[in-house]
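# Structural characterization, general
Each chain is listed here by its residues.
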Amino acid sequence: MNPELLALLRTDLVAGAYTNDAVASRLGPEAEAALGREHIVPAARVVDARRRQGSRDALDVLLDLFLLSRPIDDADVDLAFPALGSAEAVRLGLLRVDDRSGERSWTAALDVHPYAFTDERGDGHWWILSDLGERAVGGALPEDHVLGVGGASLTLAGITIPTPVDSVLDLGTGCGIQAMHASRAATRVVATDVSERAVEIARANAVLNGITNIEVRLGSLFEPVSGETFDRIVTNPPFVITPRVEGVPLYDYRDGGLVGDALVEAVVRGTAEHLAPGGTAQMLGNWEYTTRSDGLSRVDGWLAGLRLDAWVVEREHLDPAFYAETWIRDGGTREGSDDFARLSTAWLDDFEHRGVTGVGFGFVTLHRPSDADREPVVRLERATGSLETAGLGEHIGRCVAAVDWAAGLDDAALGRESLAVAPDVTIEHHFEPGNDEPTAILLRQGGGFRRAISAGTGLAALVGASDGTLDVGSILGAIAHLLEVDESALVAETIPDVRRLIADGILLMA
């Protein structure tokens, strides 16, 4: 897309005050909330009332075009795009004109959404170009559809470690949103995608938002960065498990072209070749449960021999029917139609043929230890409850660093270290009526994964005494004396739990 035309579009979007805050103020909380649920009538009533009152402005036009997917007239185009102009808007691929009825009308050819965020560097605002969604298209999406910012995008952005690095790879960039976030913490960002259209739109989004440290390359998976390593890799790969049979559409943004979860496996394995020492990779993915293997066990098998620390968190487990329904609807095919039944049959036939009993979804964090000789630490867990992922990356970064540090210490060396309990941790004692001895002790984490961990008396006492002034061994020695237990046995029992609490961010390096 032409950079000069994108600069003119930016001028018009600024002049039209097309921001999240302005949209929220214009619509009001009820209409804005309804719009978030794909219910456009309340927002349309607000915009239409302003037209009747004679107070229509550029923001109303932008709302009609991009958030309500409604046509506008010549006067509206002049109102909303005075710098870009109608002819250049068509040339840019932003608008299309229809004059077949004798009365000319204009509709959006691209989606433009305001996007606000807050990270470690402060508040920010962008405009995100993407292809038109299902409502605007009026049916199933084209296979080269470039998705805008969705729930998965926000999840990955939220869990990404935010510390500054030199280089970042965004694998399968789509509209470029992860690369844009990465640009705020990195000296340089390389973004790749197999879709020519995605590459074009990702480049346009960088230009539209004045981001200059992103390089976008065309190619499949790691081919465009062969022989290169990066300090950080982020990827929301096309992980959807889609049957490879005729008549089932394969969407560039979600279908990787391989059978089952082989694409996710390929990304995990390829990451090992492209992470610099000390580097991290974070990704979303699906993995299959089959009659022969557990989903997390499959992921564990992919990690064998990679020499990477790994933290795999499964957030959902879907049965085959629900999984098929989810992704058929995602492509714009409505339940109850002949196409829906045909596609559902294809999905369930594929799962049955391959012995798939369910699909797990979650996120994976990989880390290449600076010490290549130590054994990697692999954590596999299911966290299917409520979890706030916005801002979770900072916590994950601390945990990854702590695991790397602790893994380099044997038990004796760890016992000589001083630790401090995290400030968001509380200790709960639960008692039965009339009993002075607690029946349960819980370590409760206020942030991060908000864990509630059952602890014995010795471990709880260690956590309570960990203020950074005494080493672990000295504290355990004092506890053993007070409890009148064997010190060596208490240390042997407690040190593995200490490692877990360090990995969970409950005990911190003093």
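Report on the accompanying structure. Please read all numbers here as calculations on a predicted model, not as lab measurements.

## With respect to the overall build of the protein chain
- Helix and strand content of the protein chain: 20 helices and 18 strands.
- The principal-axis extents of the C-alpha atoms in the protein chain amount to approximately 95 × 50 × 50 Å.
- Contacts spanning at least 24 positions in sequence make up 69% of the contacts within the protein chain whose residues lie at least 6 apart.
- Carbon and sulfur atoms make up 50% of the accessible area of the protein chain, which totals about 22800 Å².
- Where the 43 positive side-chain charges of the protein chain centre and where its 79 negative ones centre are 4 Å apart.

## Digging into the pattern of salt bridges
- Per the stated rule, a full pass over the model turns up 37 salt bridges.
- Two residues, Arg51 and Asp76, come together in a salt bridge whose shortest N-O distance is 3.7 Å. With Arg51 in helix 4 (residues 41–52) and Asp76 in helix 6 (residues 74–80), this residue pair connects regions lying 25 residues apart in the sequence.
- Here Arg500 makes a salt bridge to Asp504, at a shortest N to O gap of 3.4 Å.

## So, helix 18 (residues 457–465)
- All buried positions along helix 18 are accounted for by Gly458, Leu459, Ala460, Leu462 and Val463.
- On its buried side, helix 18 packs onto strand 13 (418–421), strand 14 (425–430), strand 15 (440–445), helix 19 (472–483), helix 20 (487–503) and strand 18 (507–509).

## Examining the nonpolar core
- The biggest cluster of nonpolar side chains holds 63 residues, and the ones touching the most others in it are Leu9, Tyr18, Phe66, Phe81, Leu94 and Ile214.
- Contacts of Ile214, omitting those with residues within four sequence positions, involve Ala179, Met180, Ser183, Val189, Ala191 and Ala206.
- One finds Val264, Leu318, Leu343 and Phe363 within the second-largest nonpolar core, a separate group that totals 58 residues.

## A look at the packing of helix 12 (residues 262–274) against helix 13 (residues 295–303)
- For the pair helix 12 and helix 13, the least separation of the axes is 9 Å and the interaxial angle reads 35°. Seen from above, helix 12 lies across helix 13 with right-handed handedness. Touching Val264, Glu265, Val268 and Arg269 of helix 12 are Gly301, Trp302 and Leu303, all from helix 13.
- When the residues that make up the contact of helix 12 with helix 13 are grouped by side-chain class, the tally is 4 nonpolar, 1 polar and 2 charged.

## Digging into the side chain of Thr333
- Inspection of the secondary structure puts Thr333 in the loop between helix 14 (320–330) and helix 15 (338–354).
- We classify Thr333 as buried; its relative accessible area is 11%.
- Aside from chain neighbours lying at most four places away, what touches Thr333 is Ala140, Ile328, Asp339, Phe340 and Leu343.

## Things to note about the pairing of strand 6 (residues 186–193)
- The buried fraction of strand 6 is high, at 6 of 8 residues.
- Where strand 5 (residues 165–171) meets strand 6, 6 bridges bridge the pair, whose relative direction is parallel. Bridge pairing links Leu169 to Val190 in strand 6.
- As for the winding sense of the linkage, the β-α-β connection from strand 5 through helix 10 (residues 177–182) to strand 6 is right-handed.
- Both strand 6 and strand 7 (residues 214–218) contribute to a ladder of 5 bridges, which runs parallel. Each residue of the ladder has a partner; that of Val190, found in strand 7, is Glu215.
- The β-α-β motif built from strand 6, the intervening helix 11 (residues 196–208) and the parallel element strand 7 has right-handed crossover chirality.

## Considerations on the pairing of strand 8 (residues 230–235)
- Within strand 8, 5 of the 6 residues are buried, which leaves the element mostly enclosed by the surrounding structure.
- For strand 8 and strand 9 (residues 275–290), the ladder comprises 5 bridges, and the chain directions are parallel. Following the sheet pairing, Arg232 is matched in strand 9 by Thr280.
- With helix 12 bridging strand 8 and its parallel neighbour strand 9, the resulting β-α-β unit is right-handed.

## Considerations on the sheet that holds strand 6
- If you trace the 8 strands from one edge of the open sheet to the other, you get 7-6-5-8-9-11-10-12, paired in mixed fashion. What marks the edges here is a single partner per strand, and that holds for strand 7 and strand 12 (378–382). Neighbour-to-neighbour, the strand axes of this sheet turn through a mean angle of 20°, independent of strand direction.
- Relative to strand 8, strand 5 is paired through 4 bridges, and the arrangement is parallel. Counterpart to Leu169 in the pairing with strand 8 is Ile233.
- Sheet strands in contact with helix 16 (residues 392–407) are strand 9, strand 10 (309–318) and strand 11 (356–367), and its direction is about 70° off that of strand 11.

## Observations concerning unusual backbone geometry
- A positive phi angle, near 45°, is found at Leu221, a position not held by glycine.
- Note on placement: Leu221 falls in the loop between strand 7 and strand 8.
- Unlike most non-glycine residues, Arg450 shows phi in positive territory, near 50°.
- Examined against the element boundaries, Arg450 turns out to sit in the loop between strand 15 and strand 16 (452–454).
- When its relative accessible area of 55% is taken as the criterion, Arg450 is described as exposed.

Cut-offs and rules
- Residues numbered from 1 in each chain as written.
- Predicted model: local features only at pLDDT ≥ 70, side-chain atom pairs only at ≥ 80, totals over all residues.
- Heavy atoms only, no water.
- Helix = DSSP H or I, 4+ residues; strand = E, 2+ residues; numbered from the N terminus.
- Contact = heavy atoms within 4.5 Å.
- Areas by Shrake-Rupley, 256 points an atom, 1.4 Å probe, with all protein chains shown as cover.
- Lys, Arg positive; Asp, Glu negative; His and termini not counted.
- Charge placed at Lys NZ, Arg CZ, Asp CG, Glu CD.
- Salt bridge = Lys/Arg side-chain N within 4 Å of Asp/Glu carboxyl O.
- Buried < 20%, exposed > 50% of the residue type's maximum accessible area, 1.4 Å probe, protein only.
- Core = buried A, V, L, I, M, F, W, Y, C linked by side-chain atoms within 4.5 Å.
- Axes fitted to C-alpha atoms, helices over the stretch in contact; angles between N-to-C directions.
- Left-handed = near helix turned anticlockwise from the far one by under 90°.
- Nonpolar A, V, L, I, M, F, W, Y, C, P; charged D, E, K, R; others polar.
- Pairing = 2+ DSSP bridges.
- Right-handed = clockwise from strand over helix to strand, strands pointing away.

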